[in-house]
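Report on the structure
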4 protein chains.
Amino acid sequence: MSSKLKVAIVGSTGYGGVELIRFLVHHPQVEIVSVISSSSAGVPISDGFPHLTDIVVQDLDGVDIHEIAAKADLVFTATPSGVSTQLVPQLLDAGLKVIDLSGDFRLRSGETYEAWYKKPAASSEYLKQAVYGLSEVYAEKLAGVSFISNPGCYPTATLLGIIPALQADWIDHRTLIVDAKSGVSGSGRGTSLVSHYAEMNENFKAYKVNKHQHIPEIEQVLGDIAGEDVTVTFTTQLVPMTRGIMSTIYVTLKGDHTDQDLIGLYRDYYKDHPFVRVRGEGVWPATKEVFGSNYCDIGFAADARTGRLTIISVIDNVVKGAAGQAIQNLNLMMGWEENLGLGFIPVYP
Amino acid sequence: MSSKLKVAIVGSTGYGGVELIRFLVHHPQVEIVSVISSSSAGVPISDGFPHLTDIVVQDLDGVDIHEIAAKADLVFTATPSGVSTQLVPQLLDAGLKVIDLSGDFRLRSGETYEAWYKKPAASSEYLKQAVYGLSEVYAEKLAGVSFISNPGCYPTATLLGIIPALQADWIDHRTLIVDAKSGVSGSGRGTSLVSHYAEMNENFKAYKVNKHQHIPEIEQVLGDIAGEDVTVTFTTQLVPMTRGIMSTIYVTLKGDHTDQDLIGLYRDYYKDHPFVRVRGEGVWPATKEVFGSNYCDIGFAADARTGRLTIISVIDNVVKGAAGQAIQNLNLMMGWEENLGLGFIPVYP
Amino acid sequence: MSSKLKVAIVGSTGYGGVELIRFLVHHPQVEIVSVISSSSAGVPISDGFPHLTDIVVQDLDGVDIHEIAAKADLVFTATPSGVSTQLVPQLLDAGLKVIDLSGDFRLRSGETYEAWYKKPAASSEYLKQAVYGLSEVYAEKLAGVSFISNPGCYPTATLLGIIPALQADWIDHRTLIVDAKSGVSGSGRGTSLVSHYAEMNENFKAYKVNKHQHIPEIEQVLGDIAGEDVTVTFTTQLVPMTRGIMSTIYVTLKGDHTDQDLIGLYRDYYKDHPFVRVRGEGVWPATKEVFGSNYCDIGFAADARTGRLTIISVIDNVVKGAAGQAIQNLNLMMGWEENLGLGFIPVYP
Amino acid sequence: MSSKLKVAIVGSTGYGGVELIRFLVHHPQVEIVSVISSSSAGVPISDGFPHLTDIVVQDLDGVDIHEIAAKADLVFTATPSGVSTQLVPQLLDAGLKVIDLSGDFRLRSGETYEAWYKKPAASSEYLKQAVYGLSEVYAEKLAGVSFISNPGCYPTATLLGIIPALQADWIDHRTLIVDAKSGVSGSGRGTSLVSHYAEMNENFKAYKVNKHQHIPEIEQVLGDIAGEDVTVTFTTQLVPMTRGIMSTIYVTLKGDHTDQDLIGLYRDYYKDHPFVRVRGEGVWPATKEVFGSNYCDIGFAADARTGRLTIISVIDNVVKGAAGQAIQNLNLMMGWEENLGLGFIPVYP
């Protein structure tokens, strides 16, 4: 009889769900008891994802709260925004632990959610229960909780790049500008003209400029750190690649801090957290250097000429920006080593 | 006997040179009398560029000033930085008109050149003769001149995106931040680890942050427009694609101008210039929409929340950012229609 | 009053239609009088294809036979299979010339069409009127006709690679194997999981092995040339690129012909046709070397060790494999120069 | 004191070497005692491969046989052809076990080697000692040996696709044609015009048609299986992607075997080997479905119309085609589970 934690994955046929499977299959403390899809129940998961042939041989289950509760201890919900709003409360009420990868429980204010997501917000009773899982920043708050709201991909790269300097009060947050770039997998497996190969190949394009729903999430966390309202200018752009996010962050330095000062500050801030790697002077991370892994790599260029600091932060959007961080949060929730089952080297080249 | 202008192209085996050929072959007023390469003289140009098979059947010539002067009226020098420094004065002294695509004659100050390019500057006598060929902005100054210095690729996209708003005094230039992205062809045909397919595919990377030699070129022109020193924060980044530049420009608005105001301002500024296309409200150009063409497309996002304006400007780096603009400048120099021989529709998809 | 040929384009919002526009805008003998789309009538074509902004400013028209007949002399139908079946007869009956880019009129046998396309065939009365427009092979049959059926993309690359050797009786057609590869634009602008960027990027995949509907088209033409039934083994595969087809053709040589013999044979066969370029010994064309152009480039490797010949034939699938060849056929139909309006150099790199 | 096997890796700065590191770091029975590079000794390996930052912190060692022998039990030589010829005998003479990833010890005949590789062959004394490590086919011969020659990437995909049918005498080997496609990493990390991003992106190209040095390797193994000389027609082609090989194999069936027959035959042949996955009827593997993993996936299309069989076989060229199979061979050599340290799920998408 297994003493492993029994987990179910709702949304197993999306990129976040299938990436959860990639890692959890090797996780020493976890057993996947059910892979769930509302749209494809009853067929083998490898029909839609042939790379899983002979590896994950389970059929997809439908969404049935009682069945899930009977089988599982914890559920990852890798569902589209608007679905978790209804589903997560039912799972919690059935006594399950939940780690939610949608955006539905990240904003404390239902009003803000509705303004940016253009959908009805979850009930405030459940919004209050959610603990925001930016692993390196809130590790201590995550131990022992039953409900974690996993951060968005852009917020993860952006916040990990800003927070140490903001907390140290080295930067003027009123000048924050974030130029963010993402691989196309960030928009999910649903088909659309934007993600059509012939349209996106050999192309670089901006979308939702200053309108992306991850903006209030970033501002909420930065506001908590700063102790006052923070507003950011935020551009989202698509890169002709599958995985990877780079947030290029611009901010005015309050003092005359050098790259070396910043490297020291950040290395110290993240010293207990293996997945943030702070690069050396004059070296900036590229997205390929974290491909397929849970790392977030950060580099700096403090410019004496302009008094501004440029911070470059990269992640793999489906790992540290989704499934990987969700498992890191599971580890923190359960009191396991932070990198358990996640210690894979980036795939290079 | 042809009454066409006889042109020679030095550097015909680089991407800039071969792109000049692509357009000039169809130019109704031009005859290519010599394609020149210091490294590959004596062999057919199609040996190194098989796409020219049966189309351009000339052998490459070596660099011989007397021969060039005997054959040609005008020379395009698509040579690496540091080569034009020596070559262009000899061509000018031989009575030839010159359009130089290198960076060697863009900066008025030899000292600034040496600080950013780390090479000896051209003699000031010749630097003074060069007219900077940002076609849409300096069209009137280009008529009838004999020596044009063609702008860099990043400066073209960036300056065309900033100048109308700066000239109208709608923006605070002290807040200018430019996040620029380029396809890999921008680094030329020379081989290096950075341009290795397996390293750059599925990758997005920053380089020369705040150190790119195009920074002083941008600041020189903006300074001329503003009537005072301008300093920009400038990041250069490589996109896994061959062609295309996007400059994403951030600046604080002095007033409460809307997107519609900006669209009107820019359309008016560029009304006599067919190659700048100003997009409508809420629509931002993508690099693929100018692929293979001489267009520069511009879009806006004025953000009332932050008081900042985001300007998105895209070009094809080897056309409007190099060979195309050089031919546009030839047209202006000769008093021909600005778009003569250049009116091709972007190749899409 | 214009003396140009007035053309309408049905299917203007597909890749074939928009590529017709790219070339026809510059064609000296043609005026585009209507761009037609059944799905998007009434909106500017540049709404869906912003690269046409300020260049093609027409609104899309709906499909109305009387209106088309009132405005146009000739119609290009760049419609999906199954649509032309009904539409083309009505256009012909209205007295219009037609060049059809769908597959609906390529097979003489309606029965064969229905077996491979799984759709009802066009009526045999109209099938009989269609002249198959493989330009270089059937140039003489195309002069003066009113209805041309434009070849498929795979058949174009494949047939141009095989026919001269087959006609010379140098190869044993019973051994013909074709391994064909295509860029993703070949599957059109419709969205699907196969053309999803994240699925197709960094991927190479086979589909419809021995089942592609272009097989009977290839076999019909080869059978005509050989004077007996010809059967080919045919694999279709998708390459992570937008444009380009390579057909790698394997066949047993009847004699001991060398690469030089084949080069001579093919250069002679195509000597009056500018768009086929036969490469020299030991040099094989790459798809990028014809990108954006109407060329078909061919290379050979006769292998004395095995007695087999490998033929490599490349085209741009949306140009020589669709819109470009359609215009070449228009030129042949009208008695104009074969390359009128088509003489563009491939875009490289 | 560690009881793990101590391994050294020569050629640690090539793609094969760095991929060995990716897997061996997680291998439960192995300790990496030295990462060796003749060109970069003395610097941290993460200087050239920043994705290893904080994970592999060793400095690169130079090539010193005595030092290697003092530290290590076994050496992986991931060196270019022509280097292992000299190096491997010295390592063997020093009492080390060797798994060689170069092509220098794959061909039994030095004469054949010299004809195809155009380099001096290794001495026959050492050629004789090498055991060819096509894991699934020669598993039993590999147990307990000290020197394994690891197969080439193209031969691995091709041979695993052909051998079961050839051994069952279901196919006529005189008709074998292999159309092989590879990602660009196959040509290594050295820079060249062919691997230049701007040249290879949006491109598909053939090279070394019928001349690739992997041809005699394939023919040697097939000849052993068939018991007579086998000759193949073999085309190598580059795909614009980083990783992945597809071998599309054409051969005439001797009988009227169906896809189901072949699926049964292959599943039986590979039933004890976890890394070969035989796909179901009408389903063909894509390269992305094995990305980053040690799997070889195979699919079939037996065509009653032509009597020919098409076999599609895919691998990740740097894993099953190089480093992964080398570790699989280590496992077989040592008597460990075949998939120890290799059981990673492909990275998708």
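Because the structure is predicted, anything quoted here is derived from the model rather than measured. (Residues numbered from 1 in each chain as written. Chains lettered and ligands numbered in written order. Predicted model: local features only at pLDDT ≥ 70, side-chain atom pairs only at ≥ 80, totals over all residues. Heavy atoms only, no water.)

For the rest of this paragraph, the subject is the interface of chain C and chain A. The partner chain A presents 19 residues to the 19 residues of chain C that form the contact. Carbon and sulfur atoms make up 55% of the area that chain C and chain A hide from each other, which totals about 1600 Å². The three residues of chain C that bury the most area against chain A are C:T191, C:H196 and C:Y197, which together make up 39% of that side's buried surface. Scanning the region where chain C abuts chain A turns up 2 salt bridges. Run the count over chain C and chain A and you get 16 residue pairs in polar contact (both at pLDDT 80 or more). A per-element tally of the side of chain C that touches chain A places helix α9 (residues 197–200) of chain C first, with 4 residues. Within the side of chain C that touches chain A, the residues separate by chemical class into 8 nonpolar, 9 polar and 2 charged. (Contact = heavy atoms within 4.5 Å. Buried area = accessible area lost by both parts, 1.4 Å probe. Salt bridge = Lys/Arg side-chain N within 4 Å of Asp/Glu carboxyl O. Polar contact = N/O pair within 3.5 Å; in protein donor to acceptor, adjacent residues only side chain to side chain. Helix = DSSP H or I, 4+ residues; strand = E, 2+ residues; numbered from the N terminus. Nonpolar A, V, L, I, M, F, W, Y, C, P; charged D, E, K, R; others polar.)

Residues and elements named next belong to chain A. Taken as a whole, chain A is organised into domain 1 (5–129) and domain 2 (154–317). Domain 1 and domain 2 are separated by 27 Å when their C-alpha centres are compared. With 13 residues of domain 1 at the interface, the matching set in domain 2 holds 15 residues. Of the roughly 1200 Å² buried between domain 1 and domain 2 on both sides combined, carbon and sulfur atoms contribute 51%. Our count for the domain 1 to domain 2 interface comes out at 3 salt bridges. As a salt-bridge pair, E19 and R243 come within 3.0 Å of each other at their nearest N and O atoms. If you look at where domain 1 meets domain 2, you find 7 residue pairs in polar contact (both at pLDDT 80 or more). Put simply, the parts of the chain that give the side of domain 1 that touches domain 2 at least two residues each are α1 (15–24) and α5 (110–117). Its residues placed into classes, the side of domain 1 that touches domain 2 shows 6 nonpolar, 3 polar and 4 charged. (Domains from an automatic or database assignment.)

The next point concerns the UniProt feature "active site" (unreviewed entry) in chain A. Residues and elements named next belong to chain A. Taken from the UniProt record, the annotation "active site" (unreviewed entry) applies to C153. In this structure C153 comes out as buried when scored by relative accessible area, which is 13%. Not counting the four nearest positions on each side in its chain, C153 is found in contact with H214, I245, I315, N317 and G321. (UniProt positions renumbered as here; feature names shortened; annotations may be inferred. Buried < 20%, exposed > 50% of the residue type's maximum accessible area, 1.4 Å probe, protein only.)

Now for the interface of chain B and chain A. Counting from both sides, the interface comprises 49 residues of chain B and, opposite them, 49 residues of chain A. Buried surface at the junction of chain B and chain A, both sides included, amounts to about 3900 Å², of which 53% is carbon and sulfur. It is B:E202, B:F204 and B:R305 in chain B that bury the most area against chain A; as a group they hold 18% of the surface buried on that side. The tally of links from chain B across to chain A stands at 4 salt bridges. Salt-bridge contacts for B:K181 lead to A:D179; the nearest nitrogen and oxygen are separated by 3.2 Å. Linking chain B with chain A are 35 residue pairs in polar contact (both at pLDDT 80 or more). Of all elements in the fold, only β7 (171–182), α9 (197–200), β8 (205–207), α10 (215–226), β9 (233–238), β10 (245–253), β12 (296–303) and β13 (308–315) of chain B reach the threshold of two or more residues within the side of chain B that touches chain A. Examining the composition of the side of chain B that touches chain A, we find that 7 residues originate from one element, β7(B), more than from any other.

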